[in-house]
Each structure stands twice: as structure tokens, then as C-alpha cells.
Amino acid sequence: MSRFKGYVYIYTIGCQMNVYDSEKFFSILHLIGYEKTEILDNADIIICNTCSIREKAQEKAFSFLGTIADKKKKNPKLISIMAGCVAQQEGANVFKRIPKLDIVVGTCALKRIGKHIKAIQLGKRRITDIKEEKEIFETMPDNLNINNKKVSKFVTIMQGCNNFCTYCIVPFVRGREKSRNPENILKEIRNLGSNGVKEVTLLGQNVNSYGKKEGITSFSELLGKISEIDSIKRIRFATSHPRDLSDDLIFAIKNIDKVCNHLHLPVQSGSDKILKKMNRGYTKEIYLEKIEKLRTQCPEIALSSDIIVGFPFEIKHDFNETVELIKQVEFDSIFAFAYSGRPGTKALKFSNQINEQEKKERLNELLKIQDLFTKKKNQALVGKIQSVLVEGKSLRKRNTPEPEKQILPQMTGRTESGKIVHFYGENIKAGDILNIKIKNAYPHSLWGGIC
Ligand code: 5AD
Ligand code: SF4
């Protein structure tokens, strides 16, 4: 490693893909002499890795970077960078709102970050790099698990999207769909495995179409190959598009032991009218058929979903159909959002936009109903034994059951279905996989004891 040059502070907003990219930023900067800091005032470089999926996420980035001018007064050598999806979307326009910013790097410019930083240090001002690349950045530094010894890691296997759902900004900020070379993915995962990682979550906007365009390994084959890596004990993935969920994938979930018994399958709406306007390519009936098939093949499977409420043209009747659908499916959990109009997307130009107050009310109503099902699903696990991957010590301290055991360390981990479990345990370390009997269920976690 090069001589110590300073500290980098990385603020990550948005999805798991951004978390992965932020780690890559750090790996690259570490190789040229930077260490990570969690204290903003200590930073010599600040990177804000942004998300533009909803306006709120975008504004979070601008308000964070808005404080830069003050920080530069204290440290004139401070280098500030906007990265990620808002950077890709806005390009040099960002400098109008954040004049003191130094660098705007889009979603394909990761590998050039070191070069841009050097140019700023040599006196260059305001660099914008939002060039789209046909290939994904593959030369992964070998130091991905440094500084951050986690047992579970994200691995982006594809980028971009070709679906053009009418609400979605992703195709505009992450480009067209492109898959990584399977050999590079396997090499990266082997490397993570030999650095203590036990679980990987494979990321892509639509993992089911992995490798299709390139004519390389299919997604199910990739799952098979990853499962042969001994050190990796669990494999997760997100996201699957309901239209492309194949029998092959259902077969892989059922038959590859290491593939977790959980599927995130975003439905977005329960109204066929709205699904059509969203350009989702399936109907409520098709979605429900897929769920039935899944549950027939994998009866214990945990299901989660994304839902957008208040999409243009959504009248109360459409919303009620969404409510009916979540009652029918009984998801383990959902992520629900109020529709947010995004620049360049088709839906932004639709008439019949829904007012913000109505969106908020529908969102609250939906979340309240889902809470009942989340609780019900958690409750159903009481008395059952779950395999739990230990993530580390738990921060949960107050009001624990079994107060007589409070002298023991409290640990936390996740079930195969992704639910958080807290328990008492001595001589337990992150990465252990234990059988835990579930004793109590809470709205967002479980409590158990080692068997
Ligand atoms: N407004 C609200 N929610 C959105 N999502 C994507 N675009 C928008 C938008 N414009 C949600 C979808 C997607 C999840 C990642 O974010 O539900 O599945
Ligand atoms: Fe992730 Fe999409 Fe947000 Fe970009 S816009 S960070 S791809 S959720």
C-alpha cells in the first residue's frame, strides 16, 4: 500500500448497489493511501454516493453536500465528490447548486476516481465524468473486505436495466442492462470467502436475465457455481422481475441448499390498470400464479415485495386492489413507497397525478395492514428452530426477555428468510451458524435461544 495520504468519509444513500459501489470507492482509495473515517470533520475527501430513485433521496444528497462550503473554510484542501445516480442524472448542473463541489462522477466512472482526485490536487477545478461505459468495471481490487469485517456482503453481478417501467429512473442513471463475467464474479466471491465472508447477496435490477444478452452462464447456473465455494454458506439475491421469474430459478431455490429460502418479488400494484400504465408486463393473475407455483415447490419460502402507491391514475378502487393483493399473498414484509415523479420518465408526463396528501394516506393505510401480516409471520416462527448466521454483538439492551441471563453477551443474526434474531450467547462469534429456537416475536425482530 502507498504512504498514508489522508482520510476519506463516504456517505451512502440508496440501494444495496450503492453500498457495493461505495466499498469499491474505498478499495480504490485505500490502494493509493487513504484510510476510512466515520468522523466527517476528519475527512480529507468526502464522497456522497447518491440515489435518485425518489425526490426525497435526491434532496438528502443536496442537503448533505450543501454543508461543504463551511467545511472547506476549515480545511481548504478538502476534496468533495458527488458520485452515483444523481451525479449521473444531473452532471455539471450539480455545480449550480453546490458551487464548492470538486468532482461529479456518475455510475460508470468509479475506476477513474483516483485520477480525478489527483487532477484536483494539481489545481484543476470542477471535474464532471458521466461517460456511460458498455462494460462493467471488472478490475476489482483484492482488498474488498478490509476495514469492514462483515460476514455478509453484496456482490453486483449486473448493472442497468432494459425494462423501462414508466416510473423508474434506473435505465437513465445506470444505463442498459449489462452482466459481469461469471469468472470475475466467482473470483471475487472466493476472495470474499477467504476473508471471512459467509453470505453473499447477488445484486442486479433483474437477476433472472443475468447473462442472457451476453449468452454466458444463466443465473441458475451461476447460483450452482457459487454454491460450490466451500467458505460461502449462504446465497441471497435481489431483485427478480415477476415477468421473468423462471421455473429454473424456482428449481434452484428449492434444490441448492445454500440458496436462501427467500424471494423478493416486487409487485408494485395489485391493479391491472395500473400495472399496464407502469409497463410491468404482467397482470395480477400472472403474479399470483407465480406465487402459487413458488409456494407449491418451496412451502416455507419467505416472500417480500415492493409497492408504489399513488401512481398517476390510481383511484381508490385500484388502491383497494393492492390492499386485497397484500392480504391474499401475506408477504413476510414489504417496502412501500409513495410515487415520486422522476425526470425523463414517462409517468412524469401522465395527467391524473395524485396529490401528496392522498399518497401519504394510502401509504400509511397499506403499511398498517402489512404490519399485521409481518407480525403474523414472525409469530408463526415461535417454537420453531431456525438456522441463524451470527452477525455480531447485539445493540439491543433494554427490556430483554430472560432478564436472569442478562450477564451473557447479546448476539444478533439472521434467519435464512432474512429475519433478525437476538439471543444470549457465550463464546459465539460473527460467522457462526447456529440453531436457535424462537421464543418471542416482535414487529421487526425475533428473540430466541441457542438449541
Ligand atoms: N417513485 C416511488 N417509488 C419508486 N420505486 C422506483 N421508482 C419509484 C418512483 N419513481 C420503488 C419501486 C422499486 C423500488 C426499488 O423503489 O417499488 O421496486
Ligand atoms: Fe440504486 Fe436506483 Fe437509487 Fe441508483 S437510483 S442508488 S440504482 S435505487
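Residues numbered from 1 in each chain as written. Chains lettered and ligands numbered in written order. Predicted model: local features only at pLDDT ≥ 70, side-chain atom pairs only at ≥ 80, totals over all residues. Heavy atoms only, no water.

Observations regarding the site of ligand 2
In step 1: In the vicinity of ligand 2, the contacting residues are Cys15, Asn18, Thr50, Cys51, Ser52, Ile53, Cys85, Val170, Arg174 and Gln205.
In step 2: Here the residues of the shell around ligand 2 are counted per class, giving 5 nonpolar, 4 polar and 1 charged.
In step 3: Structurally, the shell around ligand 2 is a two-domain feature, drawing no fewer than three residues from each of domain 1 (6–129) and domain 2 (152–379). (Near = heavy atom within 4 Å. Nonpolar A, V, L, I, M, F, W, Y, C, P; charged D, E, K, R; others polar. Domains from an automatic or database assignment.)

Things to note about helix H8 (residues 182–193)
In step 1: Across its 12 residues, H8 extends 16 Å between first and last C-alpha, which sits within 8% of the 16 Å expected from 1.5 Å per residue.
In step 2: Among the residues making up H8, those that are buried are Pro182, Ile185, Leu186, Glu188, Ile189, Asn191, Leu192 and Gly193.
In step 3: Its buried side turned inward, H8 meets helix H1 (16–31), strand E7 (152–156), strand E10 (199–203) and helix H9 (219–227). (Helix = DSSP H or I, 4+ residues; strand = E, 2+ residues; numbered from the N terminus. Expected span 1.5 Å × (residues − 1). Buried < 20%, exposed > 50% of the residue type's maximum accessible area, 1.4 Å probe, protein only. Contact = heavy atoms within 4.5 Å.)

Re the packing of aromatic side chains
Any two aromatic rings considered together are summarised by their centre-to-centre distance and by the angle between their planes.
In step 1: Taken as a whole and assessed by the stated rule, the structure comprises 11 aromatic pairs.
In step 2: Relative to Phe64, the ring of Tyr9 has its centre 6.4 Å away and its plane inclined at 20°; by these criteria the two rings are stacked. Of this pair, Tyr9 sits in strand E1 (residues 6–12) while Phe64 sits in helix H2 (residues 55–65), and the two are 55 residues apart along the sequence.
In step 3: Aromatic rings pair up to connect Tyr167, Phe311, Phe313, Tyr339 and Phe350 into one cluster.
In step 4: Lying over the aromatic face of Phe337, Arg54 brings its terminal NZ or CZ to 3.7 Å of the ring centre.
In step 5: Of note, Lys277 hangs over the ring of Phe313, and the distance from its end group to the ring centre comes to 4.2 Å. (Phe/Tyr/Trp six-rings, centres within 6.5 Å; stacked < 30°, edge-to-face > 60°. Lys NZ or Arg CZ within 6 Å of the ring centre and 35° of its normal.)

A short note on the packing of helix H10 (residues 247–255) against helix H12 (residues 284–297)
In step 1: The interhelical angle for the contact between H10 and H12, taken along N-to-C directions, is 30°, at an axis separation of 10 Å. Here H10 lies roughly parallel to H12, going by the angle between them. Judged by the sense of rotation from one axis to the other, the crossing of H10 with H12 is right-handed. Residues Asp247, Ile250, Ile253 and Lys254 of H10 lie in contact with H12, whose contacting residues are Lys293, Leu294 and Gln297.
In step 2: Class assignment for the residues of the contact of H10 with H12 results in 3 nonpolar, 1 polar and 3 charged. (Axes fitted to C-alpha atoms, helices over the stretch in contact; angles between N-to-C directions. Parallel < 35°, antiparallel > 145°, perpendicular 65-115°, else oblique. Left-handed = near helix turned anticlockwise from the far one by under 90°.)

Read these as layout, nothing more, since geometry by itself doesn't imply function.
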